[in-house]
Amino acid sequence: MNGLSSASPQSNGSGHSAARVKLFWLAQLLRVLSGSYTAWVLVRIVQWWTDSERVVKNMGGYLARDLSGLPVSARLLAMALDLGAWLLLLAAVVCAWKSLGHLQKEHTFSHPMARLLTWAGWLGALCQLLTLLIRPLQTYLMTAHLPATEQVFKWAFYPQDLLGILLCGVILCFAYLISWAVDIAEENRGFI
């Protein structure tokens, strides 16, 4: 397969060149989208937790509590929890970027690519799990300054949580399929 090690799409007249060009641009698009998503999530976390009026109003309504006496430290600690989960998201995106880089450079599946994609899937799943686990803690932090009978420990599961779990599952499925395909290809080369 000539031209497979090229880092950019090049037409060599074969039927595979159109697929390589599509793969190159799809990988670039996925990199831009994943990077944009990661930046967007960071901006939303910071904007939400640093807007005290909005947090007091919206979280107060959600928890049915008067949060007017909410200390700044509680908001900042809740933001730190979200930023911890965001760091896992960032690590997952970096692994996905590197995996796509292997695919663009090699134009074929490889164990390093599959390993990075596996890391991306597991880090993304861990981010989603951590997000689910910190929600009750954040609701407690929002109400910790209230009397014990007014404190809330509320858990929530949203449709986007299921979507995130499904996406991580699909990424892991593809990573394991790629690893399996590479193993089969290496085994077949051994017979030749």
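Cut-off values and rules
- Residues numbered from 1 in each chain as written.
- Predicted model: local features only at pLDDT ≥ 70, side-chain atom pairs only at ≥ 80, totals over all residues.
- Heavy atoms only, no water.
- Helix = DSSP H or I, 4+ residues; strand = E, 2+ residues; numbered from the N terminus.
- Salt bridge = Lys/Arg side-chain N within 4 Å of Asp/Glu carboxyl O.
- Buried < 20%, exposed > 50% of the residue type's maximum accessible area, 1.4 Å probe, protein only.
- Core = buried A, V, L, I, M, F, W, Y, C linked by side-chain atoms within 4.5 Å.
- Contact = heavy atoms within 4.5 Å.
- Expected span 1.5 Å × (residues − 1).
- Bend = angle between axes of the 7 residues up to and from the residue.
- Polar contact = N/O pair within 3.5 Å; in protein donor to acceptor, adjacent residues only side chain to side chain.
- Axes fitted to C-alpha atoms, helices over the stretch in contact; angles between N-to-C directions.
- Parallel < 35°, antiparallel > 145°, perpendicular 65-115°, else oblique.
- Nonpolar A, V, L, I, M, F, W, Y, C, P; charged D, E, K, R; others polar.
- Patch = residues over 30% accessible without salt bridge, like charges linked within 9 Å, V, L, I, M, F, W, Y side chains within 5 Å.
- Areas by Shrake-Rupley, 256 points an atom, 1.4 Å probe, with all protein chains shown as cover.
- Phe/Tyr/Trp six-rings, centres within 6.5 Å; stacked < 30°, edge-to-face > 60°.
- Left-handed = near helix turned anticlockwise from the far one by under 90°.

(A) Up close: unusual backbone geometry. If you check the backbone angles, Ala64 has positive phi at about 55 degrees while not being a glycine. In this fold, Ala64 is placed in the loop between helix 2 (52-63) and helix 3 (72-106).

(B) Layout of the pattern of salt bridges. Inspection of the entire model under this criterion finds 2 salt bridges. Residues Asp161 and Arg135 are paired through a salt bridge, measuring 2.6 Å at the closest nitrogen-oxygen approach. Separated by 26 residues along the polypeptide, Asp161 in helix 5 (residues 159-191) and Arg135 in helix 4 (residues 111-143) bring together distant segments of the chain. Take Asp161 and Arg135: they sit in the same class, and that class is buried.

(C) Geometry of the nonpolar core. Grouped together as the largest cluster of nonpolar side chains are 27 residues, with contacts concentrated most on Trp49, Val55, Met59 and Met142. If sequence neighbours within four positions are ignored, Val55 has contacts with Trp48, Trp49, Gly60, Leu67, Leu70, Arg75 and Met142. Membership of the second largest hydrophobic core comes to 7 residues, among which are Leu103, Ala114, Ile178 and Val182.

(D) Representation of helix 4 in the model. Counted at 1.5 Å a residue, the expected span for helix 4 with its 33 residues is 48 Å, and the 48 Å between its end C-alpha atoms agrees. At Ile134, helix 4 shows its maximal kink, close to 30 degrees; a proline, Pro136, follows between one and four residues later. The distance from a side-chain oxygen at the start of helix 4 to the backbone nitrogen of Met113 is 3.3 Å, and the residue carrying that oxygen is Ser110.

(E) Local environment of the packing of helix 2 against helix 4. One way to put it is that helix 2 packs onto helix 4 with a least axis distance of 11 Å and a crossing angle of 110 degrees. Comparing the axis directions of helix 2 and helix 4 gives the class roughly perpendicular. Of helix 4, the residues touching helix 2 (which contributes Val55, Met59, Tyr62 and Leu63) are Thr139, Met142 and Thr143. Partitioned by chemical class, the residues of the contact of helix 2 with helix 4 number 5 nonpolar, 2 polar and no charged.

(F) Focus on a nonpolar patch on the surface. A cluster of nonpolar residues, Trp155, Phe157, Leu162, Ile165 and Leu166, forms a patch on the protein surface that exposes about 500 Å² of accessible area. Following the sequence through the fold, Ile165 ends up in helix 5.

(G) Main features of the packing of aromatic side chains. On inspection of all chains with the given rule, the structure shows 4 aromatic pairs. Taking 5.8 Å as the distance between ring centres and 70 degrees as the angle between the ring planes, the aromatic pair formed by Trp48 and Trp49 counts as edge-to-face. You can call Trp48 buried: its relative accessible area is 19%.

(H) Spotlight on the environment of Glu106. Note that Glu106 resides in helix 3. With relative accessibility at 25%, the residue Glu106 sits in the partly exposed group. A sequence separation of 44 residues divides Glu106 from Glu150, and the C-alpha atoms of the two residues are 59 Å apart.

(I) Highlighting the side chain of Arg135. Under the relative-accessibility criterion, Arg135 is labelled buried at 16%. Within the structure, Arg135 has its side chain in polar contact with the backbone oxygen of Ala156 (distance 3.0 Å). Discounting chain neighbours no more than four positions away, the residues touching Arg135 are Lys154, Ala156, Phe157, Tyr158 and Asp161.

(J) Representation of the packing of helix 4 against helix 5. One can describe the packing of helix 4 onto helix 5 by two numbers: an axis separation of 8 Å at closest approach and a directional angle of 160 degrees. Classified by the angle between their axes, helix 4 and helix 5 sit roughly antiparallel to one another. The handedness of the crossing between helix 4 and helix 5 is left-handed. In terms of residue class, the contact of helix 4 with helix 5 is built from 15 nonpolar, 8 polar and 4 charged.

Take it as geometry only, folks, not as evidence of what the structure does.
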